[in-house]
Amino acid sequence: MSESGLEKEIIVDINPYQTRVVLLEQGTPSEIYIERRGRERLVGNIYKGRVQNVLPGMQAAFVDIGTDRNAFLYLGEPELDKRDFVFGGEGEAPRIQRPKKPVKSGQEIMVQVIKEPDATKGARITTHITLPGRYVVLAPSVDYIGVSKRIESEAERTRLRDAAQSAAKDFNIGAIVRTAAEGKSEEEFHADFAFLTRLWGRIQQKSELVSAPRLLHAEEPLVFRTIRDLFTPDIKRLAINDREFYERVLLIANIISPSLKNRVQLYEDIPDLFDQLGLEAEIDRALAHKVWMKNGGYIIIDQTEALTTIDVNTGKYVGSTDNLQETITETNCEAAREIARQLRLRDISGIIVVDFIDMDEIADKERVLSTLREEMAKDRTKSHVLGITQLGLVEMTRKKTRQCISHTLQSSCPYCGGTGKVLSVETVVLKVRKQLMRLMAKNEAKNFLIRVNEAVAASIAENSDPHSGILPVPKGGAVYVEAADIHIEKYEVSPLTETQAEEYYRRGALRYGE
């Protein structure tokens, strides 16, 4: 059982096409990771790249790292986001920062991917390399030791910083102490530093031997990132269904934490662990537009290019008291818990705006905000709940490091282009009418065929009779409407000969006109 009181498990499902990992808390999925073969993530990869062009006005450069699009390098970036770490005393600035060298076109530089590319942009990169280990993140470009602020005890942070500094003396290199290091000794830090500095040395050697663009170091596959980042002492069980990876996981667990070795369980005879444990439905739920809560309320999640909006509704929930404000506040608090879980589950990032149900009392608003902040504190990804605006909207941000789960599992609708909307039946009928009028003006044929979606054909029939209606009919001729199993926005209008017209009529097309 974890310190937070939650029973945690990790389920790893592996097949020849993809690897899926889910973190369960009290039997409920809280984080899902999916890695497809041939589409492994780039974040963490280290490249030797060649600067293609420098944009001084934007303090940026574009670098060829061998991917489809040039990567984006922001030259004005800080070396680390220091808000999440403690250096020396509380609030004390780091001691030394090594100066940056100016970047020029054609120059070969070592860079690391910090943000995945998307459909329109290349990867985001940095020149400040970091190498994550079990307990520390090595930062070769700096000369200080920072400690994660997620470790709440100031005394423990001080002890960890002293232990890490002592271990780092032999290597003369900077690092950040991870949350997983809580309670660890100087010897364990020393082993982490030794492994990571050897890895850093090999990367530097390779960089000197190859020309750009070239991959110097690839981040670990999903299974091993899971062992490094998620498999901590508060995990009750790690279930896996692939023997080869099972044996490799046991080997790693025996090195990093032998006490965890007995918690790794092999289910070799179960080809789909997710299906066996009923997790497929949870993945589908992670893609749903509307998410129902246990109390009968629901939230609506809309993701756009600029931000994510979440709307809270009472739904079927009528409350446990006669107090309307208490019912609203209870719904909002339950929604805050579900929103925090959904953000982790879907890995939604960027700007997030939540429209909770309106509350009158300041104390109720603070209660909901406190619940949201408490739940978001369980998230390993950095987030900030900024507060409630004058319009009653809660603004928050969540750091983006990879594409959300919907990007992996879904693609934009080829019909609506991702808008979620199609033309109404009435609109399509009028477009068909207009196209028919154009053809009648240009063509001397007396008969025309209209091939449309079944719903459009039904609407034409409802608004017509055999001799008059919404469609114009050529003098001395007829219009034949054929219902087809096609997309609602698709239609065809074409002239017919007398013989063709009779054939379509025999096949069941509706005739309008003579």
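Residues numbered from 1 in each chain as written. Predicted model: local features only at pLDDT ≥ 70, side-chain atom pairs only at ≥ 80, totals over all residues. Heavy atoms only, no water.

A.B. asks: Any details on the pattern of salt bridges? Residues and values, ideally.
C.D. replies: The final tally for this structure, using the stated rule, is 31 salt bridges. The salt bridge partner of arginine 451 is glutamate 482, with a shortest N-O separation of 3.5 Å. Of this pair, arginine 451 sits in strand 23 (residues 447-453) while glutamate 482 sits in strand 24 (residues 478-484), placing them 31 residues apart in sequence. Judged by its relative accessible area of 26%, arginine 451 falls in the partly exposed class. The exposure class assigned to glutamate 482 is buried, which follows from its relative accessible area of 15%. (Salt bridge = Lys/Arg side-chain N within 4 Å of Asp/Glu carboxyl O. Helix = DSSP H or I, 4+ residues; strand = E, 2+ residues; numbered from the N terminus. Buried < 20%, exposed > 50% of the residue type's maximum accessible area, 1.4 Å probe, protein only.)

A.B. asks: Can you lay out the layout of surface pockets for me, pointing to particular residues and giving the numbers?
C.D. replies: Taken as a whole, the second largest pocket encloses approximately 1,500 Å³ of empty space. Looking at the second largest pocket, it is lined by 45 residues, and the ones nearest its centre are Gln303, Thr304, Glu305, Cys404 and Ser406. Elements with a contribution of two residues or more to the lining of the second largest pocket: strand 18 (298-303), strand 19 (307-313), strand 20 (350-355) and helix 9 (405-409). (1 Å grid on protein atoms, 1.4 Å probe; cavity = no way out; pocket = protein on both sides within 12 Å on 5 of 7 lines; lining within 4 Å. Points joined across faces, edges and corners; volume = space filled by probe spheres on them.)

A.B. asks: Talk me through helix 4 (residues 243-256); I want residue IDs and the actual numbers.
C.D. replies: Counted at 1.5 Å a residue, the expected span for helix 4 with its 14 residues is 20 Å, and the 20 Å between its end C-alpha atoms agrees. For helix 4, the full list of buried residues reads Phe245, Tyr246, Val249, Leu250 and Ala253. Axial view of helix 4: buried residues confined to an arc of 145°, hence all on one face. Helix 4 presents Glu244, Leu251 and Ile255 as exposed residues on the side facing more than 90 degrees away from its buried surface. Those residues of helix 4 that are buried are in contact with strand 1 (8-14), helix 3 (222-229), strand 15 (235-240) and strand 16 (264-266). Put simply, aspartate 242 is the residue that caps the front of helix 4, since its side-chain oxygen is 3.1 Å from the backbone nitrogen of glutamate 244. (Expected span 1.5 Å × (residues − 1). Arc of directions from axis to C-beta. Contact = heavy atoms within 4.5 Å. Polar contact = N/O pair within 3.5 Å; in protein donor to acceptor, adjacent residues only side chain to side chain.)

A.B. asks: Explain the packing of aromatic side chains to me, and be specific about the residues and the numbers.
C.D. replies: Counting across every chain of the model gives five aromatic pairs. Ring geometry for phenylalanine 171 versus phenylalanine 193: centroids 5.9 Å apart, planes at 15°, classification stacked. Within this pair, whereas phenylalanine 171 is found in the loop between helix 1 (154-168) and strand 13 (174-177), its partner phenylalanine 193 is found in helix 2 (residues 186-209), the two being separated by 22 residues in sequence. With centroids separated by 6.4 Å and ring planes inclined at 70°, the aromatic side chains of tyrosine 480 and tyrosine 505 adopt a geometry described as edge-to-face. Here tyrosine 505 lies in helix 12 (residues 498-506) and tyrosine 480 lies in strand 24, a separation of 25 residues in the sequence. Residue class for tyrosine 480 comes out buried when judged on its relative accessible area of 2%. The residue whose ring lies beneath arginine 511 is tyrosine 505, and the NZ or CZ to ring-centre distance is 4.0 Å. (Phe/Tyr/Trp six-rings, centres within 6.5 Å; stacked < 30°, edge-to-face > 60°. Lys NZ or Arg CZ within 6 Å of the ring centre and 35° of its normal.)

A.B. asks: Residues and numbers for the pairing of strand 18, please.
C.D. replies: Each regular strand displays side chains that alternate between the two surfaces of the sheet. Sheet topology note: the strand 17 (residues 290-292)/strand 18 ladder contains three bridges and is antiparallel. When the bridges of strand 18 are listed, lysine 290 appears paired with isoleucine 300. As consecutive antiparallel partners, strand 17 and strand 18 are separated by five residues, and within that stretch glycine 296 has a phi angle of approximately 100°, a positive value. Connecting strand 18 to the antiparallel partner strand 19 that follows it, the hairpin turn spans three residues. (Pairing = 2+ DSSP bridges.)

A.B. asks: Summarise the sheet that holds strand 17; cite the residues concerned and give the values.
C.D. replies: Strand order in the open sheet formed by six strands is 17-18-19-20-22-21, and the pairing between neighbours is mixed. For this open sheet the edge positions go to strand 17 and strand 21 (383-388), each flanked by a neighbour on one side alone. With strand direction ignored, the average angle separating the axes of adjacent strands in the sheet is 20°. The pairing of strand 21 with strand 22 (residues 394-398) spans five bridges and is classified as antiparallel. Bridging from a neighbouring strand, histidine 384 pairs with threonine 397 of strand 22. Sheet strands in contact with helix 7 (residues 324-346) are strand 17, strand 18, strand 19, strand 20 and strand 22, and its direction is about 145° off that of strand 19. (Axes fitted to C-alpha atoms, helices over the stretch in contact; angles between N-to-C directions.)

A.B. asks: Give a description of the sheet that holds strand 3 (residues 28-36) that names residues and reports values.
C.D. replies: Sheet architecture is open: five strands sit in the order 3-2-1-15-16, paired in mixed fashion. Each edge of the sheet is formed by a strand with only one pairing partner; in this case those strands are strand 3 and strand 16. Pairwise comparison of adjacent strand axes, ignoring direction, gives a mean angle of 15° for this sheet. Note that strand 15 and strand 16 share three bridges and pair parallel.

A.B. asks: I'd like to hear about the nonpolar core, residue by residue, with values.
C.D. replies: The biggest cluster of nonpolar side chains holds 27 residues, and the ones touching the most others in it are Leu131, Val177, Phe189, Phe193, Trp200 and Ile203. At the level of secondary structure, the elements contributing two or more residues to this core comprise strand 11 (136-139), strand 12 (145-148), helix 1, strand 13 and helix 2. In terms of residues, this core owes the most to one element, helix 2, which gives six residues. Grouped together as the second largest cluster of nonpolar side chains are 26 residues, Ala335, Ala340, Phe356 and Leu369 included. (Core = buried A, V, L, I, M, F, W, Y, C linked by side-chain atoms within 4.5 Å.)

A.B. asks: Go over the environment of tyrosine 17 with me, naming the residues and quoting the values.
C.D. replies: By the element assignment, tyrosine 17 lies in the loop between strand 1 and strand 2 (18-25). Relative accessible area serves as the criterion here: at 65%, tyrosine 17 is assigned to the exposed category. Sequence-distant contacts of tyrosine 17, that is, excluding residues within four places in its chain, are made with Arg36 and Arg37.

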